[in-house]
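Descriptive structure summary
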Amino acid sequence: MTAGRGMRPTLRLRLTLLNGLLLVGAGVILVLLAWLLVRDALRPADELLTGTTVVLADGRSLDAAEWQRQLGEVASRELLAKGLAALLAISVVGVAGGYLVAGRALRPLYQVTATARRLGETTLDQRIGYSGADDEVAELAQTFDAMLDRIAVAFDAQKRFVANASHELRTPLAVMRTEIDVTLSDDEADTAEYRRMSTVVRDASERANGLVDALLVLARSEAQAGHRLARRTECDLAAGTANALTAVRREVERIGLRVETSLEPAPVVGDPGLLDRLAGNLVENAVRYNHLHGQLWVRTGSDGRRSWLVVGNTGFEVDQADVPGLFEPFRRGGRERTGARGSGLGLSIVRAVCDAHGGVVKAIAQRGGGLEVTVTLPAADGPGPAVAR
């Protein structure tokens, strides 16, 4: 520690100086009060007749008033001298003791500082672990440890996200590279072979492009969560949902789904592009994870304060305990789902868009298989989303 840093007004030094000032002030008041009491008490001559003399032990005779004056001066000097000496000693001991006590009380703060300085990507497992009295300092230490727990969880989720995104991107790139290398190494490859290779490369590039687009939408949605939306336009969830159903009509007919719709007006205010993607992701997921001749039901509506979109489907069975994992990137049914159909970001984007618009999303596993997802957003004429300003 440098000399300049050592002289800085630290909290420990300020607490010590404050305690010292209070102690010295109280001591000065006590000495002054004692001096006044002693001065007033040493007035025995006031009860004697005027002109009375007093014979001292050494044989001298003094006027009573003069004797009283000398007695008061001697007592006052001794009281002030001894009182100030005692005050100085008490102040030194009190300041030193206050410095030590303040240091002991603030020790968890030093631990917080030292832990924060040591923290890094590889040391997020360190904690303060304060075990002292259950006071404000203990509450601060516990809060800091809880914050480190949340940061560690966020770092782990970020690492998983990057690893999964890299895997999803590497898979189509590897497919394209393999197809190109195999075809080019074949001296007898004809036009049909090159057409087949082109088709595979195109499909793989579309998959990679879809993943990149999904990542961009997710990043855009999460960046606006809790903040003012970059675009705020009045739109209708029912219209975006109808467009999403039209986009998947061919796939619906191919697998023979029975579709039930009830698209009542659901006015909201927000980013039209993000809201269209929200509806599209829900409908696409409901079709993609359905089964032959299954069911798909879609409802929209509003009560003046809230607008909602409900998308449900039949399909494979989902444990309700695994439902929260569906909203994590690259996860399916609570399991890692890299390499499966789709980008694995559909419901993650839905949740991020809901957060950005001040809404909520919940999902319920259906008995017999399938899922029903409900999105609730503030209505256009109702109270707006709680956004940071």
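Since the model is a prediction, treat every value here as computed from it, not as a measurement.

Attention now goes to the overall build of the protein chain. Within the protein chain, the regular secondary structure consists of eleven helices and eleven strands. Taking all 389 residues of the protein chain together, the buried fraction comes to 34%. The long-range share in the protein chain, meaning contacts at least 24 apart out of those at least 6 apart in sequence, stands at 69%. Of the roughly 23,300 Å² of accessible surface on the protein chain, a fraction of 58% belongs to carbon and sulfur atoms.

The next point concerns the environment of Leu124. Residue position: Leu124 is located in the loop between helix H4 (107-118) and helix H5 (136-185). Judged by relative accessible area, which is 13%, Leu124 ranks as buried. C-alpha of Leu124 to C-alpha of Val153: the two residues are 29 residues apart in sequence and 9.7 Å apart in space. If we ignore the near neighbours within four places in the chain, the residues touching Leu124 are Leu119, Ile151, Ala152 and Phe155.

Every α-helix carries 3.6 residues per turn, so stepping three or four residues along brings you back to the same face. The terminal C-alpha atoms of H4 lie 17 Å apart, and with twelve residues this matches the ideal 16 Å at 1.5 Å per residue to within 8%. Taken together, the buried positions of H4 are Pro108, Val112 and Thr115. Around the axis of H4, the buried residues are gathered within 70 degrees of arc, so they sit on the same side.

A few words on the pattern of salt bridges. This structure, assessed with the given rule, holds seven salt bridges. Measuring nitrogen to oxygen at the nearest pair gives 2.8 Å for the salt bridge that ties Arg196 to Glu179. Remark: Glu179 occurs in helix H5 and Arg196 occurs in helix H6 (residues 191-224); sequence separation between them is 17 residues. Arg196 sits in the partly exposed class, given a relative accessible area of 34%. Asp303 is the partner of Arg306 in a salt bridge, and the nearest nitrogen-oxygen pair spans 3.3 Å. The class of Arg306 is partly exposed, set by a relative accessible area of 41%. What makes Asp303 partly exposed here is its relative accessible area of 42%. Linked through salt bridges whose partners overlap, the residues forming this network are Glu179, Glu193 and Arg196.

This brings us to the sheet that holds strand E4 (residues 258-263). What holds strands together in a sheet is hydrogen bonding between their backbones, with the strands either parallel or antiparallel. Strand order in the open sheet made by the five strands is E4-E6-E7-E11-E10, with mixed pairing throughout. The strands lining the two open edges of the sheet, one partner per strand, are E4 and strand E10 (360-365). For this sheet, the mean inter-axis angle between neighbouring strands, taken without regard to orientation, is 10 degrees. Bridge analysis of E10 against strand E11 (residues 371-378) gives six bridges, and the strand direction is antiparallel. Within the sheet, the bridge partner assigned to Val361 lies in E11 and is Val375. Those strands touched by helix H7 (residues 237-247) are E4, strand E6 (295-302), strand E7 (306-313) and E11, and its axis lies near 160 degrees from that of E6.

If you walk through the whole model with that rule in mind, you get one aromatic pair. Centroid distance Tyr289 to Phe316: 6.2 Å. Interplanar angle 90 degrees. Geometry classified as edge-to-face. Of this pair, Tyr289 sits in the loop between helix H9 (272-288) and E6 while Phe316 sits in the loop between E7 and helix H10 (323-326), and the two are 27 residues apart along the sequence. By relative accessible area, Tyr289 is classed as buried at 16%.

What follows concerns the environment of Trp67. Examined against the element boundaries, Trp67 turns out to sit in helix H3 (residues 64-105). For the pair Trp67 and Thr53, spaced 14 residues apart in sequence, the C-alpha separation works out to 8.7 Å.

The next thing to look at is a nonpolar patch on the surface. A contiguous nonpolar surface patch, about 260 Å² in accessible area, is contributed by Ile180, Leu184 and Tyr194. Turning to its location among the elements, Ile180 is positioned in helix H5. For Ile180, a relative accessible area of 32% gives the class partly exposed.

Among the eight residues that make up E7, six are buried, leaving the element largely enclosed by the rest of the structure. Where E6 meets E7, seven bridges bridge the pair, whose relative direction is antiparallel. Note that in E7 the partner of Ser302 across the bridge is Ser307. As consecutive antiparallel partners, E6 and E7 are separated by three residues, and within that stretch Gly304 has a phi angle of approximately 95 degrees, a positive value. Strand direction decides the pairing type here: E7 and E11, joined by eight bridges, are antiparallel.

A cluster of acidic side chains, namely Asp134, Asp135, Glu136 and Glu139, defines a negative patch on the protein surface. Looking at the secondary structure, you find Asp135 in the loop between H4 and H5. For Asp135, a relative accessible area of 30% corresponds to the partly exposed category.

Attention now moves to the side chain of Ser91. As for its placement among the helices and strands, Ser91 is situated in helix H3. You can call Ser91 buried: its relative accessible area is 10%.

Close contact between H9 and helix H11 (residues 346-356) brings their axes to 9 Å; oriented N to C, the two are set at 145 degrees. Two packed elements cross with a definite hand, and for H9 against H11 that hand is left-handed. Of H11, the residues touching H9 (which contributes Leu274, Leu275, Arg277, Leu278, Asn281, Leu282 and Asn285) are Gly346, Leu347, Ile349, Val350, Val353 and Cys354.

Definitions and cut-offs
Residues numbered from 1 in each chain as written. Predicted model: local features only at pLDDT ≥ 70, side-chain atom pairs only at ≥ 80, totals over all residues. Heavy atoms only, no water. Helix = DSSP H or I, 4+ residues; strand = E, 2+ residues; numbered from the N terminus. Buried < 20%, exposed > 50% of the residue type's maximum accessible area, 1.4 Å probe, protein only. Contact = heavy atoms within 4.5 Å. Areas by Shrake-Rupley, 256 points an atom, 1.4 Å probe, with all protein chains shown as cover. Expected span 1.5 Å × (residues − 1). Arc of directions from axis to C-beta. Salt bridge = Lys/Arg side-chain N within 4 Å of Asp/Glu carboxyl O. Pairing = 2+ DSSP bridges. Axes fitted to C-alpha atoms, helices over the stretch in contact; angles between N-to-C directions. Phe/Tyr/Trp six-rings, centres within 6.5 Å; stacked < 30°, edge-to-face > 60°. Patch = residues over 30% accessible without salt bridge, like charges linked within 9 Å, V, L, I, M, F, W, Y side chains within 5 Å. Lys, Arg positive; Asp, Glu negative; His and termini not counted. Charge placed at Lys NZ, Arg CZ, Asp CG, Glu CD. Left-handed = near helix turned anticlockwise from the far one by under 90°.

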